[in-house]
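# Inside the fold
This is what each chain is made of:
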Amino acid sequence: VTHSQVHVFSKDQVQELRTRLLSWFDENKREMPWRDLHGVSLNDKAYKVWVSEIMLQQTRVATVVTYYNKWIKRWPTVSDLASATSEEVSEMWAGLGYYSRGRRLHEAAQKVMQDLDGQIPNNSDQLLTLPGIGQYTAAAIASIAFNEQRGVVDGNVMRVLSRLRSIGCDMSQQKTTQHFWKLADQVVDSKRPGDFNQVGLLS
């Protein structure tokens, strides 16, 4: 076994990880308003997942639920948000912190309406072209809303993967981060990528 092989998963290990994490998700998932999206269009589903992912950045879930529900009641579609004024968005975001998140979300909604005929991009690569959407958020939206088989990587995922695969490198190094993204793409479930990613590797 080579050094590089130690840091990847075998097919059996991938299958076991997928089975265990999805079983855990099915038994323990919390009911969240952005998960109850049955019967909505893909575009509206993507919008709601997008809003939740932006709000969840550096903000506790319990806080986000209240703000999310008020936001979606006020602006239930990307078109509604695009039509809002900057002042209205800032007022609605007040209290969530990191106010640039709300501004960029608004800018991105306007770009979707003006440049993309109101259709939110359905894959992570195109989502990255929107203001305020980075690699993690793009992968999360694409996997949850559009079932794209893309893994997600944040600090918690890197810690878990490093333990599972005995990776002791400096996690701040770009080369190390790229390896974690490759691992995440390898292990994410092909049929339920969104559910798998929402587990956060047992966060």
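Reading guide: rules and limits
Every chain begins its residue count from 1, and numbering advances along the sequence as written. Only residues with pLDDT of at least 70 are given local features in this predicted model, and only at 80 or more are side-chain atom pairs given and counted; all residues enter the totals for whole chains, interfaces and linings. Only heavy atoms go into the side-chain values, all of them from the structure, while hydrogens and water stay out. Helix numbering and strand numbering both begin at the N terminus, where a helix is a DSSP run of H or I of at least 4 residues and a strand a DSSP run of E of at least 2. Per-residue accessibility, obtained with a 1.4 Å probe over protein chains only, is compared with the maximum for each type, and a residue is labelled buried under 20%, exposed over 50%, and partly exposed between these values. Every residue pair with non-hydrogen atoms within 4.5 Å of one another is taken to be in contact. The term nonpolar core refers to a set of buried residues drawn from Ala, Val, Leu, Ile, Met, Phe, Trp, Tyr and Cys, joined through side-chain atoms within 4.5 Å. Think of it this way: a Phe, Tyr or Trp ring, Trp meaning its six-membered ring, pairs with another when their centres are within 6.5 Å, and the plane angle makes it stacked under 30 degrees, edge-to-face over 60, tilted otherwise. Only when the NZ atom of a Lys or the CZ atom of an Arg is both within 6 Å of the ring centre and within 35 degrees of the ring normal do we say a charge sits over the ring. Residue count minus one, scaled by 1.5 Å, sets the expected span of a helix.

Right, let's talk about the environment of Leu-81 for a bit. Looking at the element boundaries, Leu-81 is found in helix α5 (residues 78-83). Owing to a relative accessible area of 0%, Leu-81 belongs among the buried residues under this scheme. Sequence separation between Leu-81 and Tyr-47 is 34 residues, and the spatial gap between their C-alpha atoms is 9.9 Å. Not counting residues within four places of it along the chain, the set of residues in contact with Leu-81 comprises Tyr-47, Trp-71, Trp-75, Val-89, Leu-105, His-106 and Ala-109.

Core analysis: the biggest nonpolar cluster contains 38 residues, and Tyr-47, Trp-50, Met-55 and Trp-71 have the highest contact counts within it. Elements that contribute at least two residues to this core include exactly α3 (42-56), α4 (61-74), α5, α6 (86-93), α7 (100-115) and α9 (135-146). Ranked by residue count, the leading element in this core is α3, at seven residues. Among residues more than four places away in sequence, those in contact with Trp-71 are Tyr-47, Val-51, Met-55, Leu-81, Val-89, Met-92, Trp-93 and Leu-105. Counting 21 residues, the second-largest nonpolar core is a separate cluster that includes Val-14, Ala-139, Val-157 and Ala-184.

What follows is about the packing of aromatic side chains. On inspection of all chains with the given rule, the structure shows three aromatic pairs. Ring plane angle 85 degrees and centroid distance 5.6 Å describe the contact between Trp-71 and Trp-93, whose orientation is recorded as edge-to-face. Of this pair, Trp-71 sits in helix α4 while Trp-93 sits in helix α6; the two residues are 22 residues apart in sequence, bridging distant segments of the chain. Across the pair, Trp-93 and Trp-71 agree in class, each one buried. The structure contains a cluster of three or more aromatic residues connected by ring pairs, namely Trp-71, Trp-75 and Trp-93. In this structure, Lys-70 packs its charged tip against the face of Tyr-67, placed 4.9 Å from the ring centre.

Moving on: unusual backbone geometry. A positive phi angle, close to 60 degrees, is found at Gln-58, a residue other than glycine. With respect to the helices and strands, Gln-58 occurs in the loop between α3 and α4. Exposure remark for Gln-58: the relative accessible area of 63% places this residue in the exposed category.

A few words now on α9. The end-to-end C-alpha distance of α9 is 16 Å, a good match for the 16 Å that 12 residues give at a rise of 1.5 Å each. Across the 12 residues of α9, 10 count as buried, placing the element largely inside the fold. Of all the positions in α9, only Thr-137, Ala-138, Ala-139, Ala-140, Ile-141, Ala-142, Ser-143, Ile-144, Ala-145 and Phe-146 are classed as buried. Contact partners of the buried residues in α9: α3, α8 (124-127), α11 (174-187) and α12 (193-199).

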